Amino acid sequence: MALGDLEREVMTQLWNAGEPLTVRQVHERLSRDRELAYTTVMTVLDRLAKKGVVTQQRADRAYRYTPAQTREEMTAALMLDALSAAPDGVRDAALAHFVGRLDPSALTAAIEAARKGK
Amino acid sequence: MTALLLGALGLTLSLVVPGVLAGARWPDRAPVAAVALWQSITLAGVLCALGVVLAGPQELVGELGADRPAGAAALVFALVVATVIIGRLLVSLVRVSLRSRARRSRHRLLVDLLDTAERHGELPAEVPAGLRVLDGELPFAYCLPGRSPRVVLTGGALRVLDAAQVAAVIAHEQAHLRYRHDVVMESFTAFYRAVPGPLRSRAPLDAVHLLLEMVADDAARRRCGAAPLRGALALLGDAVSPDAPADLGDAAAERRRRLDRLAVSDRPSATVLLTLVAVLGAAALLVLPTVIVVLPWLDRALSAWPL
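Conventions used here
- Per-chain numbering applies: the sequence of each chain, read as written, is numbered from 1 onward.
- The naming scheme follows written order: chains are lettered A onward, ligands numbered 1 onward.
- In view of the model being predicted, local features appear only for residues whose pLDDT reaches at least 70, and side-chain atom pairs are presented and counted only at 80 or more, with totals across whole chains, interfaces and linings using the full set of residues.
- No hydrogens and no water enter the side-chain calculation; it runs on all heavy atoms of the structure.
- Note on conventions: DSSP H or I runs of at least 4 residues are helices, E runs of at least 2 residues are strands, and numbering of each starts at the N terminus.
- In this scheme, a residue with accessible area under 20% of its type's maximum is buried, one over 50% is exposed, and one in between is partly exposed, where area comes from a 1.4 Å probe on protein chains only.
- Note on areas: Shrake-Rupley, 1.4 Å probe, and residue coverage restricted to the protein chains presented here.
- One bridge is not enough; two strands pair if DSSP finds at least two bridges between them.
- UniProt positions are given in the numbering used here, feature names are shortened, and annotations may be inferred rather than shown by experiment.
- When checking whether two residues touch, look at their non-hydrogen atoms; a contact exists if any pair is within 4.5 Å.
- The convention used is that axes are lines fitted to C-alpha atoms, helices contributing only their stretch in contact, and that angles between N-to-C directions extend from 0 to 180 degrees.
- pLDDT expresses, on a scale from 0 to 100, how confident the predictor is about each individual residue.
- Among buried residues, the Ala, Val, Leu, Ile, Met, Phe, Trp, Tyr and Cys ones that are joined through side-chain atoms within 4.5 Å form a nonpolar core.
- Each domain span listed reflects an automatic or database assignment of domains.
- His is not counted, nor are the chain ends, whereas Lys and Arg count as positive and Asp and Glu as negative.
- We define a salt bridge as a contact between a side-chain nitrogen of Lys or Arg and a carboxyl oxygen of Asp or Glu at a distance within 4 Å.
- Here a polar contact is taken to be a pair of N or O atoms separated by no more than 3.5 Å, where protein atoms must pair a possible hydrogen donor with a possible acceptor and residues adjacent in sequence count only if both atoms sit in side chains.
- What makes a crossing left-handed is the near helix being turned counterclockwise from the far one by less than a right angle; a clockwise turn instead makes it right-handed.
- Side-chain classes follow a simple rule in which Ala, Val, Leu, Ile, Met, Phe, Trp, Tyr, Cys and Pro form the nonpolar group, Asp, Glu, Lys and Arg form the charged group, and the remainder, Gly included, forms the polar group.
- Here, expected helix span is obtained from the residue count minus one, scaled by 1.5 Å.
- Here the aromatic set is Phe, Tyr and Trp, taking the six-membered ring for Trp, and pairing holds for ring centres within 6.5 Å; pairs whose planes are under 30 degrees apart are stacked, those over 60 apart are edge-to-face, and all others are tilted.
- By definition here, charges over rings are those cases where NZ of Lys or CZ of Arg is within 6 Å of the ring centre and within 35 degrees of the ring normal.

Draft legend 1. Spatial organisation of the overall build of chain A. When helices and strands are tallied, chain A shows five helices and four strands. Helices (α) and strands (β) of chain A occur, in sequence order from the N terminus, as α-β-α-α-β-β-α-β-α. For chain A, the proportion of its 118 residues judged to be buried stands at 43%. Accessible area for chain A stands at about 6100 Å²; split by element, carbon and sulfur atoms hold 50% of it.

Draft legend 2. Representation of the pairing of strand S1 (residues 131-134) of chain B in the model. Residues and elements named next belong to chain B. Side-chain alternation along S1 places Leu131 and Val133 on one buried face and Arg132 and Leu134 on a second face that is also buried. Bridging between S1 and strand S3 (residues 150-154) involves four bridges; their strand directions are parallel. Bridging from a neighbouring strand, Arg132 pairs with Val152 of S3.

Draft legend 3. Structural view of the UniProt feature "transmembrane region" (unreviewed entry) in chain B. All names here are of chain B. Residues annotated in UniProt with the feature "transmembrane region" (unreviewed entry) correspond here to residues 6-24, 36-55, 75-98 and 271-298. In residues 36-55, helix accounts for 100% and strand for 0%; the two terminal C-alpha atoms are 28 Å from one another. With 100% helix and 0% strand, the stretch residues 75-98 has end C-alpha atoms that lie 34 Å from each other.

Draft legend 4. Quick look at the sheet that holds strand S1 (residues 21-22) of chain A. Residue and element names in this part refer to chain A. Across the sheet, three strands lie side by side as S1-S3-S2; this open sheet has antiparallel pairing. Of all strands in the sheet, those with a lone pairing partner are S1 and strand S2 (54-59), marking the two edges. Contacting S2 and strand S3 (62-67), helix H3 (residues 38-50) crosses the sheet at an angle of about 115° to S2.

Draft legend 5. Representation of the confidence of the model for chain A. On average, residues of chain A score 79 in pLDDT, and 69% of them are at 70 or above. Considering each helix and strand of chain A separately, the mean pLDDT is smallest for strand S4 (residues 96-97) of chain A, with a value of 56, and largest for H3(A), with 93.

Draft legend 6. Just the nonpolar core, in detail. Among the nonpolar cores identified, the biggest contains 34 residues, and Val10(A), Met11(A), Leu14(A), Val26(A), Leu45(A) and Leu134(B) are the most heavily contacted of them. Counting residues per element, the ones that place at least two in this core are helix H1 (3-17), helix H2 (23-30), H3 and helix H4 (71-83) of chain A together with helix H3 (68-114) and strand S2 (141-144) of chain B. Each of domain 1 (3-67) and domain 2 (71-117) of chain A gives at least three residues to this core. Apart from the residues within four sequence positions on either side, Leu14(A) is in contact with Leu21(A), Val26(A), Leu45(A), Val54(A), Tyr65(A) and Pro67(A).

Draft legend 7. Layout of the side chain of Asp115(B). Looking at where Asp115(B) falls in the secondary structure, it is placed in the loop between H3 and S1. No salt bridge is formed by the buried Asp115(B), whose closest oppositely charged neighbour, Arg132(B), lies at an N-O distance of 4.3 Å. A distance of 2.9 Å separates a polar side-chain atom of Asp115(B) from the backbone nitrogen of Val133(B). If near-sequence neighbours (up to four positions away) are discounted, Asp115(B) is found in contact with Arg8(A), Arg71(A), Leu131(B), Arg132(B) and Val133(B).

Draft legend 8. Local environment of the pattern of salt bridges. Residue and element names in this part refer to chain B. Evaluated as defined, the whole model comprises 18 salt bridges over all chains. Ionic pairing is found between Asp182 and Arg104, a salt bridge with its closest N-O pair at 3.5 Å. One end of the pair, Asp182, is in helix H6 (residues 181-194); the other, Arg104, is in helix H3, with 78 residues separating them in the sequence. The pair formed by Asp182 and Arg104 is uniform in burial state, with each residue classed as buried. A single network of salt bridges, built from pairs that share partners, joins Arg104, Arg180, Asp182 and Glu186.

Draft legend 9. How the structure looks around the confidence of the model for chain B. Of the residues in chain B, 92% have a pLDDT of 70 or more, and the chain-wide mean is 85. Long-range and interchain partners of residues 240-248 of chain B, a stretch whose pLDDT sits below 50, account for 10 contacts in this model, where long-range means more than four residues apart.

Draft legend 10. View of the packing of H1(A) against H3(B). Two numbers describe how H1(A) lies on H3(B): the axes approach to 8 Å, and their chain directions differ by 65°. Between H1(A) and H3(B) the crossing geometry is right-handed. Contacts from Glu7(A), Arg8(A), Met11(A) and Trp15(A) in H1(A) reach Leu109(B), Asp112(B), Leu113(B) and Leu114(B) in H3(B). Of the residues contributing to the contact of H1(A) with H3(B), the split by class is five nonpolar, no polar and three charged.

Draft legend 11. Up close: H6(B). Residues and elements named next belong to chain B. Under the 1.5 Å per step criterion, the end-to-end length of H6 is 20 Å for 14 residues, consistent within 8% with the ideal 20 Å. Burial runs high along H6: 10 of the 14 residues are buried. Within H6 the residues assigned to the buried category are His181, Asp182, Val184, Met185, Glu186, Phe188, Thr189, Ala190, Tyr192 and Ala194. Considering only its buried residues, H6 is in contact with helix H2 (31-64), H3, helix H5 (163-178) and helix H7 (203-224).

Draft legend 12. Representation of the packing of aromatic side chains within the structure. Per the counting criterion, the structure on display carries one aromatic pair over all chains. The interplanar angle of 15° and the centroid separation of 5.7 Å between the aromatic rings of Phe140(B) and Tyr142(B) together place this pair among those described as stacked. Each member of the pair, Phe140(B) as well as Tyr142(B), carries the same accessibility label: buried. We note Arg58(A) situated over the ring of Tyr63(A); from NZ or CZ to the ring centre the distance is 5.1 Å. If you follow Arg200(B) out to its NZ or CZ, it ends over the ring of Tyr192(B), 4.7 Å from the centre.

In structure tokens form, the structure reads like this:
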């Protein structure tokens, strides 16, 4: 399984849990339907922590991990990033949109509305 | 004289020509050639500026009839300014590309973590490798260029578009990725940021962006037909515009132009002719500053030839 897919599944477990999880707990949840090394899960969580996507706290001699943002918050932030221009108003060449030029403030409102409507 | 000519040409290229070309409608029918023309206009402008800097001081000293040290100083000054111009452009290019690379890699990480493509049965049967679905109601689509590219659709886009329209949108984004439109946009952005305030113009940036959208539209039209693409453009645009502020009028006009050109199919001969003329123009523009610099020099060299 590709590393990216594993990262995504680890994040899904953390988001679904709703509470901080230890490496062992994440490993248990993921190995219900497949063979997976404990150290692999540990490495993945460590990588995600280094990237700032999950936070690591020490409790009872074990690290516990939580997502830095909820799934909805992260999605909204990402959409906003995808749709906003650089500070000087120049469209960033980093991303190309299908719809063309968009106004960030209108989009923030739309994203907020979409989140509340769910 | 050389410096004056080059200066006039450079100012025309950076202040007058962009406005004229941005207002023209023929580029809609030959967008690839028009992008080439924009590139050559920009590059020729830089060449003119360099030419002025290199030829100007020496000519000035010559006119004033000054002695040798002044001539040498003028030459040094010219070289320094030319180096500054080139350096500024290069620094700007590196900055823009580093910045967008960092933004892309962060964005790619997050979009991979949030991907829900597996849960969307309505996606086309052969899902392209880099396709990601973001669970959000706002319907839009975009692509993430780079060595490991992604095409991103939102859940909202999948909800409003039918299968053929989704395929057309994916084809459009893949055309952006395949032809590396991001590199073209980055070079124009870098140039824009490097030019000093009073001389800088948004016209090339905006015009080239729209032209690249048209190039991607053409690729999507070839693969999926015009009808689904038009449908997708109309649906995705409308979904964002209801409470759009006034300055989005531009975006609406741009979409109108894209829809209009997709409604007609040009005769290939007309497109070929336009493309040929534009490409020849682009080539001529690049040659012109060089000729202006080289001709007087050649003239002098020939008259000094000991025969």
